[in-house]
Amino acid sequence: LCAGGVAGMACWAVSIPADVLKSRYQTAPTGTYSGIMDVYRHLMKEEGPSALFRGLRPAMIRAFPANAACFFGMEVSKKAFAFMD
C-alpha cells in the first residue's frame, strides 16, 4: 500500500507543471495564447515559477490513497487469478 501511495505522489510531483500549463491553455478564452510555450512565458512573467505547482497539495492528498487502493486492487486480483498461471 505504501509503495503505491508514494508512487502516485511521485507521479503527480513530476507531472503537475505540465498539467497546470494544459489546464490554463484549455480554460483561456480563444486567442489568448498562441500555444503551450506562450502559456509558459506568460505564467513565468506574471506569476513566477511557483505558479507551475499550483494545485500540488490537493493532488498529493488525493494521490496517496487513490494509488495505494489501485495497487492494492492489483495485488488482490493478481492473487485471485494466480490459479490461471
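Each chain has its residues counted from 1, running along the sequence as written. Note on the predicted model: pLDDT of at least 70 is required for a residue's local features to be given, and 80 or more for side-chain atom pairs to be given and counted; whole-chain, interface and lining totals, by contrast, use all residues. Hydrogens are left out, water is left out, and the side-chain values use all remaining heavy atoms of the structure.

**Things to note about the pattern of salt bridges**
We apply this condition: Each salt bridge in this description consists of a side-chain nitrogen of Lys or Arg and a carboxyl oxygen of Asp or Glu lying within 4 Å of one another.
The tally for this structure, following the rule as stated, stands at four salt bridges. Residues joined in a network through salt bridges with shared partners are R24, E47 and R54.

**What about the packing of helix 1 (residues 2–27) against helix 3 (residues 56–80)?**
This is how the line gets drawn: Fitted lines through C-alpha atoms serve as axes, helices being fitted only where they are in contact, and the angles separating the N-to-C directions of these axes extend from 0 to 180 degrees. Here a helix means four or more residues in a row that DSSP labels H or I, a strand means two or more in a row labelled E, and each is numbered from the N terminus. An angle counts as roughly parallel when it lies under 35 degrees, as roughly antiparallel when it exceeds 145, as roughly perpendicular when it falls between 65 and 115, and as oblique in every other case. Each helix crossing is assigned a hand: it is left-handed if the near helix lies turned anticlockwise from the far helix by less than a right angle, otherwise right-handed if that turn is clockwise. Here, two residues are considered to be in contact whenever any of their heavy atoms come within 4.5 Å of each other.
Where helix 1 contacts helix 3, the axes come no closer than 7 Å and their chain directions differ by 140°. One element, helix 1, and the other, helix 3, form an angle in the oblique class. You can see that helix 1 and helix 3 cross each other, and the crossing is right-handed. Across the interface between the two elements, C2, G4, G5, V6, A7, G8, M9, W12, A13 and I16 of helix 1 pack against L56, A59, M60, R62, A63, F64, N67, A68 and F71 of helix 3.

**Some words on the nonpolar core**
Generally speaking, a soluble globular protein has its nonpolar side chains buried in company with each other. Selection criterion: By convention a nonpolar core is built from buried Ala, Val, Leu, Ile, Met, Phe, Trp, Tyr and Cys residues, the set being connected through side-chain atoms within 4.5 Å. Residue burial is assigned from relative accessible area. The probe radius is 1.4 Å, only protein chains are included, and a residue is buried under 20% of its type maximum, exposed over 50%, and partly exposed in between.
In this structure, I16, V20, L21, V39, L43, A51, L52 and A59 together form the largest nonpolar core, which totals eight residues. Looking at this core, the elements with two or more residues in it are helix 1 and helix 2 (36–46). In terms of residue count, the dominant contributor to this core is helix 1 (three residues). Apart from the residues within four sequence positions on either side, L21 is in contact with I36, V39, Y40, L43 and L52.

**Some thoughts on helix 2**
Inclusion rule: The arc in question is formed by the directions pointing from the helix axis toward the C-beta atoms.
When helix 2 is considered as a whole, its buried residues turn out to be D38, V39 and L43. For helix 2, the angular spread of the buried residues around the axis is 135°, confining them to a single face. Looking at the packing, one finds that the buried side of helix 2 touches helix 1. Remark: G48 follows helix 2 within two positions and exhibits a positive phi of approximately 85°.

**Considerations on the packing of aromatic side chains**
Going by this rule: Ring pairs are drawn from Phe, Tyr and Trp, using the six-membered ring of Trp, whenever the two centres fall within 6.5 Å, and their geometry is named by plane angle: stacked under 30 degrees, edge-to-face over 60, tilted for the rest. Either the NZ atom of lysine or the CZ atom of arginine qualifies as a charge over a ring when it sits within 6 Å of the ring centre and within 35 degrees of the ring normal.
Within the structure shown, the criterion is met by one aromatic pair. Taking 6.5 Å as the distance between ring centres and 40° as the angle between the ring planes, the aromatic pair formed by F81 and F83 counts as tilted. The exposure class of F81 is partly exposed, given its relative accessible area of 49%. When the ring centre of W12 is taken as reference, the NZ or CZ atom of R62 above it lies at 5.0 Å.

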